[in-house]
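Observations on the three-dimensional arrangement
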Amino acid sequence: MTSLWNEVCRCFRCKQQQRPANRTVYVGNKHPHDEGVFIPELYPDNKIISSRYTLWNFLPKNLFEQFRRVANFYFLCVGIVQLTIDTPVSPITSILPLVFVITCTAIKQGYEDWLRHKSDREVNDREVQVIRDGQLTTTKSMHIKVGDIVRVQSNKGFPCDMIMLSSVDPDGNCYITTANLDGETNLKTHCCLAETKRCVHEDDFQKLTAFIECEQPIPDLYSFVGNLNIVRDNGERIVKPLGPENVLLRGARLKNTPFIYGCAIYTGQETKMALNSNTKVTKFSRVERRMNTFLLIFLVILLAEAVFSTCLKYWYVFRPIVGQPWYVPQIEIDAQVTVRRVFEDFLAYIVLYNYVIPISLYVTIELQKFVGSMFFAWDVDMFDPGTNERAKANTSDLNEELGQVEYLFTDKTGTLTENDMQFRMCSINGKRYEELGGMLCETSPAGNDPNPVPVLSQSYQHFEEMETFLTVLVLCHNIRVDHPQAVDLGASSMYSYGGYDYEYQASSPDEKAFVEACRRFGVVFHGTHDERLEITFKGEMRRYKLLHSLEFDPTRKRMSVIVQNENDEIYLLSKGAETAILDRVIEGDISSTLLHVNEYAVLGLRTLVIAMRRLESQEYTKFDQMLSEARKSLTQREVKLAEAFDYVEKNFKLLGATAVEDKLQDDVPETIQALLTAGIKVWVLTGDKEETAVNISHSAGHFSRDMLQLKITQMQSGLDCADLIRKHSQTLDNPVNRDEKFAIVIDGTSLAYCLIEHADILRDLCMKCSAVLCCRMTPLQKAEVVKLIKNSRENPVTAAIGDGANDVSMIEEAHVGLGIMGKEGRQAVRNSDYAFAKFRFLMKALLVHGHFYYIRIANLVQYFFYKNVAFITAQLFYTFFSAFSEQTLYESWYLMNFNMVFTAFPILMYGIFEQHLKPSLLMGNPKLYRKISRNENMSIHNFILWNGSGLWHCVVMFFGTLFLLGEENSLFSDGKMIGNWSFGSIVYFGCLVIVCLKLSLSIYYWSLPIWLSFAFSAFSYFVGTAVYNSVLWPDFFSDHNYLFQVWNTVFTSGGVWFAELVLIVLALLPDIIYRCYKDISLTMELGQQRKMTYDSSLIPLRQLSYEETKKFVFPYVTPKTSLQNIHSKENRPKLLPAKFMPRSLKRKHVL
Amino acid sequence: MANGTPGTPGPEAEKAASRRPKDTKLKQQRLPAWQPILTAGTVLPAFFAIGLAFIPLGVVLLVTSNDIQEYRYDYTQCVNSNEDKCADLLTNLTATGQTCTCTFKIELKEDFVGTVYMYYGLTNFYQNHRRYVRSRDDSQLHGYDVDSLYSDCEPFKTKKLNTSVEMKIAPCGAIANSLFNDSYTFVYKGDGTKNVNVSMLRTGIAWASDKDVKFGNPSSKNGSDDPWAGFTNPPNWNNKMVYQLDPDDENNNGYKNEDLIVWMRTAALPTFRKLHRRINHQQTEFTDGLPKGQYEVTIDYAYPVTLFDGTKSIILTTTSWLGGKNPFLGIAYLVVGSICILLGVIFLLIHLKWGRNTYRRQFVHQSQTRRTSEMINVTSRTTFN
């Protein structure tokens, strides 16, 4: 009853006024007594409906949706026309195929919807525990209402979005995994408010009267603004802020916590997960667009043919010389020209030539793509055992577009690189250190003699500053510690002496790298216990109370924590981008730190600057107040938070900088080289620093050494940009530089200026360059760059590849969006069209799968148009021999089955299984990819070639048969004659065989399914026709038995077989020659390519080692030990001899 | 508290089985397949083979066709005994009962050996006109007792005998209405001395399937009834009823009349001929065929063709195992065969000039990538699929 009411309300809601900005949710649906009339707000129930149809509306809705497709609607119109006019062919010839096509699609969509129903039902019927009337009752998930108190047990998913009220955990924490939501596999800690964390029994909630004020649901998964109002028995109200850490989202799963209680706030279609789904934009592939052009061309041809034939008909009727053919019934009506009659004649011709528009094209393509896209996920070569992820095709609409990519926009971090950070170097107070063999060593300034002395001992002169630096590194983060054995032993936490048993769960790989590096240096982070961060510094335990954690955000570009040490001193520890920190520094060696940061960046390392600040207690109190106010406010919370952060994050003391290496993924240079050879222009778009990005570009083979580098960076105005662009353009156009290759580097701010007014010249400049690197980009700018190229005059096909949420906009913008299943969550993957685990899989995805998909679909489309041209043009010819009377050449049986049965399967199998070249050859010769670029197989040139051959085949068959008959010669030794249906049968058989053989001349891969499909075609034609023409069908089935025994009789004639043979050979001669030409030229080309020496830019680059990089760009830093060996097993640091020493013996804390 | 500790993500979900795709031939797109490659070397023999097969075949076919004797005489403008053109007398279609008889002599220059067939040929006659083709009722022709005739038979479905009586037409439709109704008699004159009537057979001219299955006469409902009762003849039939088409032969009468059946199989093209009679070779003079010499042909000229600019002819012809005289097949085979030989020669030249040096040579291609470092031999024999 209620759900019905909700349903009604939901229907009316669209007419209602805007909803209030906030919603008030009464915990347990208990509203406070002091409020007057309580009008419950109406919320949707917790039913998830991802299905599109119900049993009742499936038929009308599905039909409606299908007939919205132009092609289907067109055929429906033709069918209706046939039913209404004096039709030349039976209406069944177009209605039956249409019904077939519609049924096929409906079955497919119905099946998909049934699956959705099934999963919906499974989700909606899942049992959940809800407190109703103070009792824990079990109900179905879909019956949860907003305000319900839900109990969720370990390893269960949350049935709706809810505010966490309490946990069995005494600290009020729970652990969740959001793998289903964003793919992050690390456990996250969510907590409840202290005020409600005692309510761990259903009775406890009886006493709780509270309501939650929160914003209406928004799709952003990571933001939430709300307040919890608790009404005490005495009427006193306590207001507590709620943030994202208090919210448990549907889609996430409870882990390692026996149970929690939560209050439902967003249900059903209003959950954040539901709001995040179905926002995908539909993209159309180049092939599909060209196909629609072809359809349009054929529609015009069809109309032209019909108009032409109609005109000829009336010309014929009114010819002056000849008298009336008295034998034709009602011949006089031909002479009565009325608009209606002319129009009917026109429509009759449309019906007759209608087959030139291939009806089964769409359904075949749908099947082909559906099956074809499975190969993508099935490919073992694109399976990554490391992450246990196979490739994924989120759509099958763009399969062929993978073979058409001209511009590739790639993210750097996590896409070209592993996003697996390793601590390499640091600069502490103006001194350079690097990690060697698990120990921090001083880098000798001379460069030739690295100082391998472990510096982490108290005797070392700079020990104090180093201790501070490392303590900041080990404290300033949001990492959680897991001890794998703790679970087995049932302990809530366990200490590990050296820390090597710990698994650090971090959302930021940099932080993880820091903490792990510190662990190697003997500074171990043990986790949070009793709201205190515990570390052991060389065996000495230190505890810090974590007061606040100021999370990272991309505008601030820094992250801080506020801690209180055991001496009750309060410190702000901060790390961030050098731009975000250095101008807030008041103390420390800024100049040399900045120098070091730049040196590190040149080496391709990621740098962060470390700073700290001591807070006086009144300062802290003020900040604490600001922060809690900001966190409580429902409006402009972000702004207020920023203000608070800004207040405290200043007057830093600079401690130093860190350099973290992000290793290149495997085979990145090879992959990029192959893509370049394949004619794909690769652009790297990154948010990283210019120096880091340039270095990665070099080592990834994106930039090669012989390229001249142009820069458009650090521009201050659009005018400067324009000048520079023009200057660069002149350099490029200068004939002196004709043989040079150019690389261009653009940074985000300059790009912003350029895009405002000078987008065109920038585009022209970039498109002339061999390599483009854009650094310091915001996510939106990435999308703008893609758009810039996408909308250029040549209209190239663009692909964007990335792994993080910051790549989503460019992935959505590009023609093909590619996601890397990386460490930065699932957002890129979810929004991509195709996804795989490693960058190197791109090579197979584009060069092999893309190439195959493209060849298959392009030839499939061309073949479809071709075969109908070859088939139906004879009808046009026949019009001239039948007094323009709209007489059909082929009997209905033939018309009906040509596309639906006789020629249906070979082309479908071709579309699924064809491999015109060996995959290994495609991988080894990326140049082959250029052969299909710019939609080559569907170019107008090829279109004419295909359909020209169709025309030729039809001409040969029709006129060949015409000559065979001569003046209607007898074809039998007993002198008997054949009639018009026999004539049609002869032409038809020839056309059918030619059409099949033409396809077989396109096939390079004769696998079993292909053979079977041809066998089926032959079987269905011979057996089907033999049966059909042997039966005298009753009246209701067909009006005339035109074909009765015709086929059986006419094919007993030897002359017919002889004619078919010679005509088929004649018709296919050009095709055989063309295939030979293609095969021979390709063989020769592949042979010659072998002998050809590669020009220097095509030599595959290998990743430069660090020594080489250093020698190349930074000659005075040359450590002997290769940095890459540091993490090999042998170099694991021995445990330093450290003990938990009594505090009194220790030096005074630096913090 | 088994799970009470924050530890590694729970083992049950994350330690899921490997999602590694199955390494099957189908899924990895490595189905065994024949991968043919057409190079000059491989198509050469095929072209020569086709050429060498087609040219002799063409010669045989051409000779076969040329051996057939055929005689054709256009009698459209023939005159009757009053030297009036019969065609002019037939300008009015409704002039029923008007007969016009043409008599003329034809001369066969040589003996027609074997079975001789007699055709009539019409030109500019569109039996394939849409409204004409479908103007028939197959059920009626099959002999079913039809209550209502097929509407496409209009306007030859029913006929008003007078103001009140309207009868169904048997057989209905325009095709039957326009049944060809000239009749011929041939008299063999030899060199002028003989005068032998050439007897001709009216049967064996229609398709067996038509004669046996598709066409059938209605059977009387209870023995005594006349199955033809209630039907009248098509308007153009000069008062002849369908059961009067061949009163001498019960099996060639009514719908099963072969002249009717032949006519009902509508021709594909506006210029056509239809088998009309077989020469009766039982006659002593004609056992080996038709001897050369003069024949006197008498025609009951009844079918008007000049109205639509058509012509009528009689054709006498023998047949071969391939049917009638038509050099097309032979020529086609010769031409296609020659083209193939020519192409073969061209490909041979290509093969000799370039083939050996470039693509015949075996070479090893080391693929650039580590992942596909298998060796690939590309030769003219292997495929590069």
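Residues numbered from 1 in each chain as written. Chains lettered and ligands numbered in written order. Predicted model: local features only at pLDDT ≥ 70, side-chain atom pairs only at ≥ 80, totals over all residues. Heavy atoms only, no water.

Take the overall build of chain B next. If you tally the helices and strands in chain B, you get nine helices and 17 strands. Buried residues in chain B amount to 53% of all 385 residues. Long-range pairs, those at least 24 residues apart, make up 75% of the contacts in chain B with a sequence separation of at least 6. Accessible surface for chain B amounts to roughly 17,600 Å². Of this, 53% is attributable to carbon and sulfur atoms. (Helix = DSSP H or I, 4+ residues; strand = E, 2+ residues; numbered from the N terminus. Buried < 20%, exposed > 50% of the residue type's maximum accessible area, 1.4 Å probe, protein only. Contact = heavy atoms within 4.5 Å. Areas by Shrake-Rupley, 256 points an atom, 1.4 Å probe, with all protein chains shown as cover.)

It is worth spelling out the overall build of chain A at this point. Assigned secondary structure in chain A consists of 34 helices and 36 strands. Within chain A, the proportion of its 1151 residues that are buried is 60%. Taking the contacts inside chain A whose residues are at least 6 apart along the sequence as the reference set, 74% of them involve residues at least 24 apart. When the accessible surface of chain A is summed, it comes to about 45,800 Å², and 58% of that surface belongs to carbon and sulfur atoms.

What follows concerns the interface of chain A and chain B. Each side of the interface is counted separately: chain A has 137 residues, and chain B has 131 residues. Sorting the residues of chain A by area buried against chain B places Trp326, Tyr327 and Phe1058 of chain A first, and these three jointly supply 7% of that buried surface. Measuring nitrogen to oxygen at the nearest pair gives 3.5 Å for the salt bridge that ties Glu389 of chain A to Arg19 of chain B. Counting every contact that joins chain A to chain B gives 35 residue pairs in polar contact (both at pLDDT 80 or more). Taken together, the residues of the side of chain A that touches chain B sort by class into 69 nonpolar, 42 polar and 26 charged. As defined by bridge partners, strand S36 (residues 1006-1007) of chain A adjoins strand S1 (residues 33-34) of chain B across two bridges and the pair is classed as antiparallel. Paired with Trp1006 of chain A across the strands is Trp34 of chain B, a residue of S1 of chain B. (Buried area = accessible area lost by both parts, 1.4 Å probe. Salt bridge = Lys/Arg side-chain N within 4 Å of Asp/Glu carboxyl O. Polar contact = N/O pair within 3.5 Å; in protein donor to acceptor, adjacent residues only side chain to side chain. Nonpolar A, V, L, I, M, F, W, Y, C, P; charged D, E, K, R; others polar. Pairing = 2+ DSSP bridges.)

Quick look at the sheet that holds strand S11 (residues 231-232) of chain B now. Residues and elements named next belong to chain B. Taken together, three strands build an open sheet; the order of strands is S6-S7-S11 and the sheet is mixed. Two strands lie at the open edges of the sheet, namely strand S6 (158-160) and S11, each paired on one side alone. By the bridge criterion, three bridges tie S6 to strand S7 (residues 166-169) in an arrangement that is antiparallel. Looking across to S7, one finds that Thr158 is bridged to Lys168.

Trp263 and Leu316 of chain B are the most contacted members of the largest nonpolar core, which totals 277 residues. Ranked by the residues each element gives to this core, the list is headed by helix H25 (residues 841-881) of chain A, at 27 residues. Within the second largest apolar cluster, 44 residues are counted, among which are Cys476, Ala517, Phe525 and Leu655 of chain A. (Core = buried A, V, L, I, M, F, W, Y, C linked by side-chain atoms within 4.5 Å.)

Here we come to helix H9 (residues 361-378) of chain A. With 18 residues, H9 of chain A should reach 26 Å at 1.5 Å per residue; the first-to-last C-alpha distance of 26 Å fits that figure. Burial within H9 of chain A is extensive, with 14 of its 18 residues counted as buried. (Expected span 1.5 Å × (residues − 1).)

All names here are of chain B. For chain B, the mean per-residue pLDDT works out to 83, and 85% of the residues sit at or above 70. Within the model, the stretch residues 1-15 combines pLDDT values under 50 with 42 contacts to residues more than four positions away or in other chains. In the predicted structure, residues 357-385 sits below a pLDDT of 50 and forms 85 contacts with residues beyond four places in sequence or in another chain. ipTM for the predicted complex: 0.90, alongside a pTM of 0.82. (pLDDT = per-residue confidence, 0-100.)

Looking now at the sheet that holds strand S8 (residues 183-190) of chain B. Residues and elements named next belong to chain B. Reading across the sheet, the four strands line up as S3-S14-S8-S9 and stay open at both edges, with antiparallel pairing between neighbours. Of all strands in the sheet, those bounded by a partner on one side alone are strand S3 (101-108) and strand S9 (196-198). Sheet twist, expressed as the average angle between the axes of neighbouring strands with direction ignored, equals 30°. (Axes fitted to C-alpha atoms, helices over the stretch in contact; angles between N-to-C directions.)

This next bit is on the packing of helix H27 (residues 904-913) of chain A against helix H31 (residues 1008-1028) of chain A. Residue and element names in this part refer to chain A. Between H27 and H31, the least distance of the axes is 8 Å, while the angle of their chain directions is 170°. On the basis of their axis angle, the class for H27 and H31 is roughly antiparallel. Facing Phe905, Pro906, Met909, Tyr910 and Phe913 of H27, the residues of H31 in contact are Pro1009, Ile1010, Ser1013, Phe1014, Phe1016 and Ser1017. Broken down by class, the residue content of the contact of H27 with H31 amounts to nine nonpolar, two polar and no charged. (Parallel < 35°, antiparallel > 145°, perpendicular 65-115°, else oblique.)

For the rest of this paragraph, the subject is the packing of aromatic side chains. All names here are of chain A. One pass over the full model with this rule turns up 97 aromatic pairs over all chains. Taking 5.9 Å as the distance between ring centres and 80° as the angle between the ring planes, the aromatic pair formed by Trp326 and Tyr327 counts as edge-to-face. On the basis of relative accessible area, Trp326 is assigned to the buried category, the value being 13%. By relative accessible area, Tyr327 is classed as buried at 1%. Ring plane angle 50° and centroid distance 5.1 Å describe the contact between Phe877 and Phe959, whose orientation is recorded as tilted. (Phe/Tyr/Trp six-rings, centres within 6.5 Å; stacked < 30°, edge-to-face > 60°.)

Another aspect to go through is the state of the cysteines. Residues and elements named next belong to chain B. Tallied over the entire structure, the rule returns three disulfides over all chains. Linked covalently through their sulfurs, Cys78 and Cys102 form a disulfide whose S-S length is 1.9 Å. On the sign convention where negative is left-handed, the bridge of Cys78 and Cys102, at about 75° about the S-S bond, is right-handed. Taken as a pair, Cys78 in the loop between strand S2 (70-74) and helix H3 (86-89) and Cys102 in strand S3 lie far apart in primary sequence, 24 residues in all. (Disulfide = S-S within 2.5 Å.)

Moving on, we get to the pattern of salt bridges. Here the structure, examined in full by the defined rule, presents 55 salt bridges over all chains. For Lys976 of chain A, the salt bridge identified is with Asp974 of chain A, shortest N-O distance 3.6 Å. Accessibility expressed as a relative area gives 13% for Lys976 of chain A, which makes it buried. For Asp138 of chain B, the salt bridge identified is with Arg136 of chain B, shortest N-O distance 3.0 Å. Classification of Arg136 of chain B as buried rests on a relative accessible area of 5%. By sharing partners, the salt bridges in this structure join Asp86, Lys313, Asp345 and Glu886 of chain A together with Arg130, Arg134 and Asp152 of chain B into a single network.

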